[in-house]
Amino acid sequence: MDAAEFPAVTDAPGRLSFLPFSRPSLGEEEVQAVVECLRSGWITTGPRTREFEERFAAYTGARHALAVTSGTAAEHLALLALGIGPGDEIVTSPMTWVSTVSVAELVGARPVFVDVEPGTHNLDPGGLRAAITARTRAILPVHFAGLPCDMDPIREAAAERGIPVIEDAAHAAGAAYKGRPVGSLSLLTLFSFHPIKNLTTGEGGMITTDDPDLAKRIRLLRFHGITRDSWQRQGAGAGAAYEVLLPGFKYNLTDIQSAIGLVQLARLDALNERRALLARRYLESLDGLEEIRLPVSDAPYPARHAWHLFTILVDVDRLTLDRFGFMEAMKAENVGTGLHFLAVHLQPYYRDRYGFRPGDFPEAERVSERVVSLPLFPGMTEADVDDVARAVKKVVRTHRR
Ligand SMILES: *Cc1c(COP(=O)(O)O)cnc(C)c1O
């Protein structure tokens, strides 16, 4: 056969099938758990959610775990339970999903940002004291990509001023800081069970706390402000009466979702180990490539990384394409990528409302312009990782300045 009949090798994508950036790890066990729940006759919040909360509390070492409809709802309730509202300030980093900030905005509080550390993209504890004012009512560190923030200096700065810490652990289910599971370190911790997260229930979230009064308030706020949910009122021997103690939300997680969550929680450590193994393979295969910066894998303090994301920084100054161009070129190689995150303070709403400008948080902005999340999910094979690494090298090679 004539060689001219074949397309030039460099023009063909390195993979024949598209590799998505993320895919939930759901198997037959999750399917069976949902089927059993559907057949049981009870599908909204009930015994499975109760059990999911108990097991999640035991897993994280927190006294209370409260299941809700999303990580965003979890944060909303955490802020409301602390009585945070108009005139108050919360401190967080701009390198996060918008919900961390918009929920504060929605309760009337003002977001105050601290820049991120180079390397980890976590809130820089060194900048924290300068951001705290007499109005600061909560500090919200975000464990970027699943690597826990350095919590000791954050907790010290908070404790000096008597300010509660709410951890955004949406990326960090299964992570640990200095031997303690994330979820047991601060007054409140919130988790997300969105499909891309390390543990998923389709959509869902959890709040952990040791504080019984906060737990009680969150329980009320999550379900119409009434003292007992449907399960408690309709169970055998239960009375039908209820009392409304405050106007509340409809943020309860269903038993269908909790049925999935119970299976996922039992698999979480194994799923995270698989993520860590794939991440190590990326680190080895992409080592030494000058046009990209690899993520920090080890903190200078003991920490268990949940490896929610594998993010690289693309050195746009050395390439003829920008980050979006890089993502497009990866797509042409049949590799999906993600964007985590665009710096929140430069989003139009926050820029216009508070007058933020480029240069305000330079490290977050540097990351925001260069960051790309490569595919990372437990169902990936080692060969998939190798395909992605090969695609990264090819894109870099083709677009060097
Ligand atoms: C996913 C995510 C959230 C919100 O979780 P949802 O369940 O989608 O509401 C909050 N913070 C961060 C950092 C996230 O990645």
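Residues numbered from 1 in each chain as written. Predicted model: local features only at pLDDT ≥ 70, side-chain atom pairs only at ≥ 80, totals over all residues. Heavy atoms only, no water.

A. Looking closely at the packing of aromatic side chains. In this structure the tally under the stated criterion is 15 aromatic pairs. Measuring from ring centre to ring centre gives 5.0 Å for Phe249 and Tyr251, while their planes differ by 10 degrees; the resulting arrangement is stacked. On the basis of relative accessible area, Tyr251 is assigned to the buried category, the value being 18%. An aromatic cluster is built from Phe52, Phe56, Phe191 and Phe193, whose rings are joined through pairwise contacts. Over the face of the ring belonging to Phe324 we find Arg323, whose NZ or CZ atom lies 4.4 Å from the ring centre. (Phe/Tyr/Trp six-rings, centres within 6.5 Å; stacked < 30°, edge-to-face > 60°. Buried < 20%, exposed > 50% of the residue type's maximum accessible area, 1.4 Å probe, protein only. Lys NZ or Arg CZ within 6 Å of the ring centre and 35° of its normal.)

B. Region of interest: the pattern of salt bridges. For the coordinates displayed, the defined rule picks out 22 salt bridges. The residue Glu328 makes a salt bridge to Lys331 at a minimum N-O spacing of 3.7 Å. Here Glu328 and its partner Lys331 are both found in helix α10 (residues 323-332), 3 residues apart, which amounts to about one turn of the helix. Using a relative accessible area of 47% as the deciding quantity, one classes Lys331 as partly exposed. Salt-bridge contacts for Lys394 lead to Glu333; the nearest nitrogen and oxygen are separated by 3.1 Å. Here Lys394 is found in helix α13 (residues 382-398), whereas its partner Glu333 is found in the loop between α10 and α11 (348-354), with 61 residues between them in sequence. Overall, the relative accessible area of 14% leaves Lys394 in the buried class. Relative accessible area serves as the criterion here: at 8%, Glu333 is assigned to the buried category. A single network of salt bridges, built from pairs that share partners, joins Arg15, Asp384, Asp387 and Arg390. (Salt bridge = Lys/Arg side-chain N within 4 Å of Asp/Glu carboxyl O. Helix = DSSP H or I, 4+ residues; strand = E, 2+ residues; numbered from the N terminus.)

C. Geometry of the domain arrangement of the protein chain. Domain boundaries assigned for the protein chain yield domain 1 (3-18 + 268-399) and domain 2 (28-265). Computed from C-alpha atoms alone, the centre-to-centre distance between domain 1 and domain 2 is 28 Å. Tallying the contact residues gives 36 residues for domain 1 and 42 residues for domain 2. Taken over both partners, the interface formed by domain 1 and domain 2 buries close to 3,400 Å², and the fraction arising from carbon and sulfur atoms is 64%. (Domains from an automatic or database assignment. Contact = heavy atoms within 4.5 Å. Buried area = accessible area lost by both parts, 1.4 Å probe.)

D. Structural context of the pairing of strand β1 (residues 64-68). Of all 5 residues in β1, 5 are buried; the element is thus mostly enclosed. Where burial is concerned, the two faces of β1 agree: the one with His64, Leu66 and Val68 and the one with Ala65 and Ala67 are both buried. One ladder, built from 5 bridges, connects β1 with strand β9 (residues 205-209); its direction is antiparallel. Bridging across to β9, Val68 finds its partner in Gly205. (Pairing = 2+ DSSP bridges.)

E. Geometry of helix α4 (residues 99-106). Counting buried positions along α4 gives 6 out of 8 residues, so the element sits mostly inside the fold. For α4, the full list of buried residues reads Ser99, Thr100, Val101, Val103, Ala104 and Glu105. Turning to α4, the residues buried within the fold contact α3 (71-81), β2 (89-92), β3 (110-113), β4 (136-140), β5 (166-168) and α11.

F. Main features of the site of the ligand. Lining the immediate surroundings of the ligand are 15 residues, of which Thr72, Asp168, His171, Ser192 and Lys197 lie closest. In this structure, a nitrogen atom belonging to the ligand sits 2.7 Å away from a side-chain N or O atom of Asp168. Between the ligand and the protein, one listed contact pairs an oxygen atom with a side-chain N or O atom of Lys197 at 3.1 Å. Considering the ligand on its own, with 380 Å² of exposed area, one finds that the protein chains cover 92% of that surface. Where the shell around the ligand is concerned, the elements lending two or more residues are α3 and α4. (Near = heavy atom within 4 Å. Polar contact = N/O pair within 3.5 Å; in protein donor to acceptor, adjacent residues only side chain to side chain. Areas by Shrake-Rupley, 256 points an atom, 1.4 Å probe, with all protein chains shown as cover.)

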